[in-house]
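Next come the chains, spelled out residue by residue.
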Amino acid sequence: MAGFWVGTAPLVAAGRRGRWPPQQLMLSAALRTLKTFDKILVANRGEIACRVIRTCKKMGIKTVAIHSDVDASSVHVKMADEAVCVGPAPTSKSYLNMDAIMEAIKKTRAQAVHPGYGFLSENKEFARCLAAEDVVFIGPDTHAIQAMGDKIESKLLAKKAEVNTIPGFDGVVKDAEEAVRIAREIGYPVMIKASAGGGGKGMRIAWDDEETRDGFRLSSQEAASSFGDDRLLIEKFIDNPRHIEIQVLGDKHGNALWLNERECSIQRRNQKVVEEAPSIFLDAETRRAMGEQAVALARAVKYSSAGTVEFLVDSKKNFYFLEMNTRLQVRVDSGIQPGSDISIYYDPMISKLITYGSDRTEALKRMADALDNYVIRGVTHNIALLREVIINSRFVKGDISTKFLSDVYPDGFKGHMLTKSEKNQLLAIASSLFVAFQLRAQHFQENSRMPVIKPDIANWELSVKLHDKVHTVVASNNGSVFSVEVDGSKLNVTSTWNLASPLLSVSVDGTQRTVQCLSREAGGNMSIQFLGTVYKVNILTRLAAELNKFMLEKVTEDTSSVLRSPMPGVVVAVSVKPGDAVAEGQEICVIEAMKMQNSMTAGKTGTVKSVHCQAGDTVGEGDLLVELE
Amino acid sequence: MAAALRVAAVGARLSVLASGLRAAVRSLCSQATSVNERIENKRRTALLGGGQRRIDAQHKRGKLTARERISLLLDPGSFVESDMFVEHRCADFGMAADKNKFPGDSVVTGRGRINGRLVYVFSQQIIGWAQWLPLVISALWEAEDFTVFGGSLSGAHAQKICKIMDQAITVGAPVIGLNDSGGARIQEGVESLAGYADIFLRNVTASGVIPQISLIMGPCAGGAVYSPALTDFTFMVKDTSYLFITGPDVVKSVTNEDVTQEELGGAKTHTTMSGVAHRAFENDVDALCNLRDFFNYLPLSSQDPAPVRECHDPSDRLVPELDTIVPLESTKAYNMVDIIHSVVDEREFFEIMPNYAKNIIVGFARMNGRTVGIVGNQPKVASDSISFTPWNYARRQYRPYFAGCLDINSSVKGARFVRFCDAFNIPLITFVDVPGFLPGTAQEYGGIIRHGAKLLYAFAEATVPKVTVITRKAYGGAYDVMSSKHLCGDTNYAWPTAEIAVMGAKGAVEIIFKGHENVEAAQAEYIEKFANPFPAAVRGFVDDIIQPSSTRARICCDLDVLASKKVQRPWRKHANIPL
């Protein structure tokens, strides 16, 4: 039984759902037998909070949601019985605001707090506050949180429990210069990461002294804003590792056991993108060794809950303890619905998708289908990348590492590369859609004084431009079937041609395809999502295409002299002022978006003409930040 | 013998007759051949416009010829040309010479179909000047002065346009003008001016009878600009079209201003600053494709109902995202275009004047296939005018309490659109989120009172079905103006987020409780009482408070019922809108 998890960032609508794996069913059954509460407060947001609230409802427990200003109308708030606003949008002032949350607990008389994961779930201070107020913290006890929530402490503990650990510096790094010194001792490459961190935030790889200094600065800023703790540590960076994690269960009597592994090697900026179970890399022996070390660690910290022990595994199947998460991961869920805002302040993940199959091939096929059926509008998303990963030959073979994405797409992911037959299919579908729209434009209800005399066009001669190449297409229509000749090869395209539906199921010479027409302009431009990737095509009749040759190319803006925000976010710092001389590649400002700090650099060497933003400003995608002369 | 002679004589006479006949027949035949040849020649010349060199020159500039434009605009094979043989009648300045005469003159006219529906078209063109003024023309091109060349309007040119306009009015079908004209033909003098006036008169006669659309595809200067100004919609092509009364040279000599053609009368100027043009397109091909798209929204005449096109979008589709689209804080912005897109069929919305007076949104869409006119306040935009007034230039930040307000430009923009819809039986759907009229000296001195009255007048006058949805604020006089129940709105809805009051809580409390100590409590009381849809609903000023997600379904249902709406107004010669 193979299950594929896809943690996506960010998706809007949940697609088809898979069944729960047996072990998950077991766990939720166990939950029901626990002593329960009348009312609990859920100290989290989004899909995580939704899932907790849903479970509470099943168990007959009342729920209190907390939310920030901008989340006031989000799904988890609507689902909960009560909701309390705990502050403005930045997490440090709302979801991490312990005083406000404690206040909310008192006000609503919640008997327990479920922290979900992230935020305060691994904060020992919070757990202590709750204990002082006699409020139950649903999750591992403070000792385990303290031990495992802190990377430096957890590493020391792991060493003591004889768990394999990564060579590195077991202490807090004071400043950038010390970071450089330690990095040299360990030997490059090194990994700089936040002591309190997780999920890839505040984490950077450095290959030389310069990168170490930069990385130290950015990571400590990120760590401070995400976790309120800017301590950093440095360790050896293991090149080409696989990321495999083992789930453990412990009880109050010192019993612990391990469940099978899950491979999470496909990562982007250290955020998991695709998860897979079982890993096709591990043999029984390694699996057992990892499982036993995971259990040893759980015992060492007297772990009494469900948790996840993460390992890095190198190509020789050596494994190293990475960190332990004092919780289980959440499964398929979506915390948003149409109309929800995806705020720049929080995690960008909006949906997860799991598919199953009797074997790997079947699970992958189902996943591809499910991804094609996601309808997402209004936000950028990574469906194209996900779909590409699961059909990539290296992935299919199982030849992956945490560097998979950067290896396979060294210049960044540019979308699916069409084979010749796929390209013909796309062109045939796009042309058929174009003609279907044209024919529909002539279908008027005959209530005018004057009859509509439709033009009689047997063969639509079209010129279709894709990736700057022009293709000759002839399409003719007979009911729901289009016969299309693309550059000489003939294809039959059949569909219902429902032009209002976001998803269009099309059969091209018997092959089923699900496409989405995302936009269509009268001037012939059309964006079509096909095989996960959005393609821009321009379709003109032959006459229009011939005349279009005379149209002049438009002069485009010189993008090197203007700096625009690539995404919505908050300006953290601006390091230039008008009149400053800047060198190409020099940092001009830093924008924080989706909790990542992005350094914006000058596109050319020159003088700063004007600065249009200041630290603290909220900027939208495409907003002008700085102009150079 | 005598008989034989007689026979011979008769025979001779006959043979003479026969030979005469043959000669006559021969000459007749040759005459026919030469006429046919002449017809062919003239047609060929007419089809070539000003000749291949002229065509090439036009192409080099990124522009299409008059005939190419028509072929793209109309359904293939549907164009029926008229007056191909008309030539100009000017005899002065050597214009009478055959080489300076071109069959069809400088405009192509006729009728055709767009997606099967009848339309009359004229397309101005630049013809043969190169043959008699080759040097001057090229020099003029370099100087970018186009007051004498190309597409200039002769008496014959005007006559051709008038002819198709007359016919369009008679049968009830729209007229589309593809303008590319250098102004009056100076050689013709007053005859050319008379020609303009003849066209103006037709434009005015046809106004409100048939839709008239102008697409400016080249220079359009002097008297030529007023015909587009009289039509219902003026579109432009970016970078290649200009509209102005006088070109940069005259401007320089009269006012000493240095200005380029583009700055003076380019597409950007007219679609963002002057409001003369309603939209601009990338190039000729893009413009003509868009014009076909646009044409589908329009009825053929005031005698026809709004067209209903085949629709795949379910009329009862719920739109869940609307339930959360209005932010909780009443000063926070959202995009009204998002609401419009999600309510109308297939998210298709043809916006009119998208870059001018952006605090109001107007445009065409369809509901269950039927064309509707959409008017909406835009909470995202305060007012274009704010940034232009010197007294607040330094504080030019976004001011939420002005968001979506009515000012001079937005009132005029809205009013003209509402009147078009009313004239052509297009139902009006109005989305209201308006904090009031924009205050200030700039607006008062500019005449906001009489300009604001135009929008009020237009909504009150309109007898087409009117459905109004108040999404958030509907304050003060602006509430009355925005297609309120009091102006004979047929169905007026409020969303639960609606606040219908004389003004916002803060301002109201400052007046009502002036000098009171506990302002906060007073404000809370005001909000409790007025910042909700109930005061209007209990009085019947809104017909229902609806769940935002059901908006599309409700409007579609209402429009079906209102399709048979009939309103009688007292007789009058014509109304007197405060111009």
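A short note on the overall build of chain B
Logical step 1: What chain B contains, in helices and strands, is 22 helices and 16 strands.
Logical step 2: Evaluated residue by residue, chain B yields a buried proportion of 54% over its 579 residues.
Logical step 3: Pairs at least 24 residues apart make up 74% of the contacts formed inside chain B by residues separated by at least 6 positions.
Logical step 4: For chain B, the exposed surface amounts to about 25,100 Å²; the carbon and sulfur share of it is 59%.

Overview of the overall build of chain A
Logical step 1: Per the secondary structure count, chain A includes 16 helices and 32 strands.
Logical step 2: Burial analysis of chain A (629 residues in total) assigns 51% to the buried set.
Logical step 3: A separation of at least 24 residues holds for 59% of the contacts in chain A among residues at least 6 apart in sequence.
Logical step 4: Of the accessible surface of chain A, which amounts to about 27,700 Å², a share of 50% is contributed by carbon and sulfur atoms.

A look at the interface of chain B and chain A
Logical step 1: With 48 residues of chain B in contact, the opposing surface of chain A contributes 41 residues.
Logical step 2: Taken over both partners, the interface formed by chain B and chain A buries close to 3,600 Å², and the fraction arising from carbon and sulfur atoms is 59%.
Logical step 3: For the interface between chain B and chain A, the tally reads 3 salt bridges.
Logical step 4: Salt-bridge contacts for Arg 520 of chain A lead to Glu 348 of chain B; the nearest nitrogen and oxygen are separated by 2.4 Å.
Logical step 5: For the interface between chain B and chain A, the tally reads 12 residue pairs in polar contact (both at pLDDT 80 or more).

Focus on the sheet that holds strand 6 (residues 136–137) of chain A
The pairing of strands in a sheet comes from backbone hydrogen bonds and takes either a parallel or an antiparallel form.
Residues and elements named next belong to chain A.
Logical step 1: Pairing is parallel across the open sheet formed by 5 strands, whose spatial order is 4-3-2-5-6. Strands with a single pairing partner mark the edges of an open sheet, and in this sheet they are strand 4 (82–85) and strand 6.
Logical step 2: Examined bridge by bridge, strand 2 (residues 39–42) and strand 3 (residues 62–67) share 4 bridges and lie parallel to one another. Residue pairing in the sheet places Val 42 in a bridge with Ala 65 of strand 3.

Here we look at the environment of Phe 444 of chain A
Logical step 1: Within the secondary structure layout, Phe 444 of chain A lies in the loop between helix 15 (420–440) and strand 17 (460–466).
Logical step 2: Separated by 46 residues in the primary sequence, Phe 444 of chain A and Gly 398 of chain A place their C-alpha atoms 55 Å from one another.
Logical step 3: If near-sequence neighbours (up to four positions away) are discounted, Phe 444 of chain A is found in contact with Val 452 of chain A together with Asn 115, Arg 117, Asn 296, Pro 307, Val 308 and Arg 309 of chain B.

Observations regarding the packing of aromatic side chains
Logical step 1: Overall, the coordinates contain 24 aromatic pairs over all chains when judged by the stated rule.
Logical step 2: Ring geometry for Tyr 409 of chain A against Phe 413 of chain A: centres 4.9 Å apart, planes inclined by 75°, an arrangement best described as edge-to-face.
Logical step 3: For Tyr 409 of chain A, a relative accessible area of 15% corresponds to the buried category.
Logical step 4: When its relative accessible area of 28% is taken as the criterion, Phe 413 of chain A is described as partly exposed.
Logical step 5: Every member of this aromatic cluster is reached through a ring pair, and the members are Phe 233, Phe 235, Phe 281, Phe 294, Tyr 297, Phe 350, Phe 364, Phe 417, Phe 420 and Phe 424 of chain B.
Logical step 6: A cation over an aromatic ring shows up here: Lys 317 of chain A above the ring of Phe 281 of chain A, its NZ or CZ 4.8 Å from the ring centre.
Logical step 7: Here Arg 117 of chain B stacks its cationic end above the ring of Phe 444 of chain A, 4.7 Å away from the centre of that ring.

Notes on the pattern of salt bridges
Note that side chains of opposite charge can pair when their charged atoms are close.
Residues and elements named next belong to chain A.
Logical step 1: Applying the stated criterion across every chain yields a total of 51 salt bridges over all chains.
Logical step 2: For Arg 128, the salt bridge is made with Glu 125, and the minimal N-O distance between the two is 3.2 Å. You can see Arg 128 and its partner Glu 125 sitting in helix 5 (residues 124–132), 3 residues apart, about one turn around the helix.
Logical step 3: Note on Arg 128: relative accessible area 44%, which makes it partly exposed.
Logical step 4: Owing to a relative accessible area of 38%, Glu 125 belongs among the partly exposed residues under this scheme.
Logical step 5: Because the salt bridges share partners, they merge into one network encompassing Glu 245, Arg 262, Lys 272, Glu 275 and Glu 310.

A word on a nonpolar patch on the surface
All names here are of chain B.
Logical step 1: Nonpolar side chains collect at one region of the surface, where Val 35, Ile 39 and Phe 85 lie side by side and expose about 220 Å² of accessible area between them.
Logical step 2: Within the secondary structure, Ile 39 is located in helix 1 (residues 2–47).
Logical step 3: Residue class for Ile 39 comes out partly exposed when judged on its relative accessible area of 32%.

Some words on the pairing of strand 24 (residues 533–541) of chain A
Residue and element names in this part refer to chain A.
Logical step 1: One ladder, built from 5 bridges, connects strand 17 with strand 24; its direction is antiparallel. In the strand pairing of strand 24, Leu 466 is matched with Val 537.
Logical step 2: Both strand 23 (residues 525–530) and strand 24 contribute to a ladder of 6 bridges, which runs antiparallel. Paired with Phe 530 across the two strands is Thr 533, which belongs to strand 24.
Logical step 3: The hairpin turn running from strand 23 into strand 24, its antiparallel successor, is 2 residues long, and Leu 531 in that turn takes a positive phi close to 55°.

Description of the side chain of Ser 342 of chain B
All names here are of chain B.
Logical step 1: With respect to the helices, strands and loops of the structure, Ser 342 is situated in helix 13 (residues 336–343).
Logical step 2: Assessed through its relative accessible area of 3%, Ser 342 is described here as buried.
Logical step 3: At 3.1 Å, the side chain of Ser 342 and the backbone oxygen of Ile 339 are in polar contact.
Logical step 4: In this structure, Ser 342 is in contact with Arg 317, Val 319, Glu 321, Leu 322 and Arg 347, ignoring residues within four places of it in sequence.

Some points on the environment of Ala 277 of chain A
Logical step 1: Among the secondary structure elements, Ala 277 of chain A is positioned in strand 13 (residues 271–277).
Logical step 2: Taking C-alpha positions, Ala 277 of chain A is 6.1 Å from Glu 263 of chain A, a pair spaced 14 residues apart along the chain.

Describing the packing of helix 3 (residues 66–73) of chain B against helix 12 (residues 284–295) of chain B
All names here are of chain B.
Logical step 1: Two elements in contact, helix 3 and helix 12, have axes whose closest approach is 9 Å; the angle formed by their N-to-C orientations is 40°. As summarised for this structure, helix 3 and helix 12 are arranged oblique, according to the angle between their axes. Of the two elements, helix 3 crosses helix 12, and the hand of that crossing is right-handed. Contact with helix 3, carried on its side by Arg 69, Leu 72 and Leu 73, involves Asp 284, Val 285, Leu 288, Leu 291 and Arg 292 of helix 12 and no other residues of that element.
Logical step 2: Residue classes in the contact of helix 3 with helix 12 are distributed as 5 nonpolar, no polar and 3 charged.

Points about the sheet that holds strand 30 (residues 606–611) of chain A
All names here are of chain A.
Logical step 1: Reading across the sheet, the 4 strands line up as 25-32-30-27 and stay open at both edges, with antiparallel pairing between neighbours. The sheet is open, and its two borders are formed by strand 25 (562–564) and strand 27 (581–582), each paired with just one other strand.
Logical step 2: Here 2 bridges tie strand 27 to strand 30, and the two strands are oriented antiparallel to one another. Directly across from Val 582, in strand 30, lies its bridge partner Gly 606.

Considering helix 9 (residues 209–227) of chain A
Residue and element names in this part refer to chain A.
Logical step 1: Along its 19 residues, helix 9 runs 26 Å from first to last C-alpha, staying within 8% of the 27 Å computed at 1.5 Å per residue.
Logical step 2: Among the residues making up helix 9, those that are buried are Asp 209, Thr 212, Gly 215, Phe 216, Leu 218, Ser 219, Ser 220, Glu 222, Ala 223 and Ser 226.
Logical step 3: The N-cap of helix 9, judged by a side-chain oxygen 3.2 Å from the amide nitrogen of Glu 210 a few residues on, is Asp 208.

A closer look at unusual backbone geometry
Logical step 1: Here Ala 277 of chain A and Pro 278 of chain A are connected by a cis peptide whose omega angle stands at -5°.
Logical step 2: Relative to the assigned elements, Pro 278 of chain A resides in the loop between strand 13 and helix 10 (284–300).
Logical step 3: In the Ramachandran plot, Arg 109 of chain A falls in the positive-phi region, its phi being about 55° despite a non-glycine side chain.
Logical step 4: In this structure, Arg 109 of chain A sits in the loop between helix 4 (98–108) and strand 5 (112–114).
Logical step 5: Even without a glycine there, the phi angle at Asn 256 of chain B is positive, about 65°.
Logical step 6: With respect to the secondary-structure elements, Asn 256 of chain B resides in the loop between helix 9 (248–255) and helix 10 (261–265).

Calculation notes
Residues numbered from 1 in each chain as written. Chains lettered and ligands numbered in written order. Predicted model: local features only at pLDDT ≥ 70, side-chain atom pairs only at ≥ 80, totals over all residues. Heavy atoms only, no water. Helix = DSSP H or I, 4+ residues; strand = E, 2+ residues; numbered from the N terminus. Buried < 20%, exposed > 50% of the residue type's maximum accessible area, 1.4 Å probe, protein only. Contact = heavy atoms within 4.5 Å. Areas by Shrake-Rupley, 256 points an atom, 1.4 Å probe, with all protein chains shown as cover. Buried area = accessible area lost by both parts, 1.4 Å probe. Salt bridge = Lys/Arg side-chain N within 4 Å of Asp/Glu carboxyl O. Polar contact = N/O pair within 3.5 Å; in protein donor to acceptor, adjacent residues only side chain to side chain. Pairing = 2+ DSSP bridges. Phe/Tyr/Trp six-rings, centres within 6.5 Å; stacked < 30°, edge-to-face > 60°. Lys NZ or Arg CZ within 6 Å of the ring centre and 35° of its normal. Patch = residues over 30% accessible without salt bridge, like charges linked within 9 Å, V, L, I, M, F, W, Y side chains within 5 Å. Axes fitted to C-alpha atoms, helices over the stretch in contact; angles between N-to-C directions. Parallel < 35°, antiparallel > 145°, perpendicular 65-115°, else oblique. Left-handed = near helix turned anticlockwise from the far one by under 90°. Nonpolar A, V, L, I, M, F, W, Y, C, P; charged D, E, K, R; others polar. Expected span 1.5 Å × (residues − 1).

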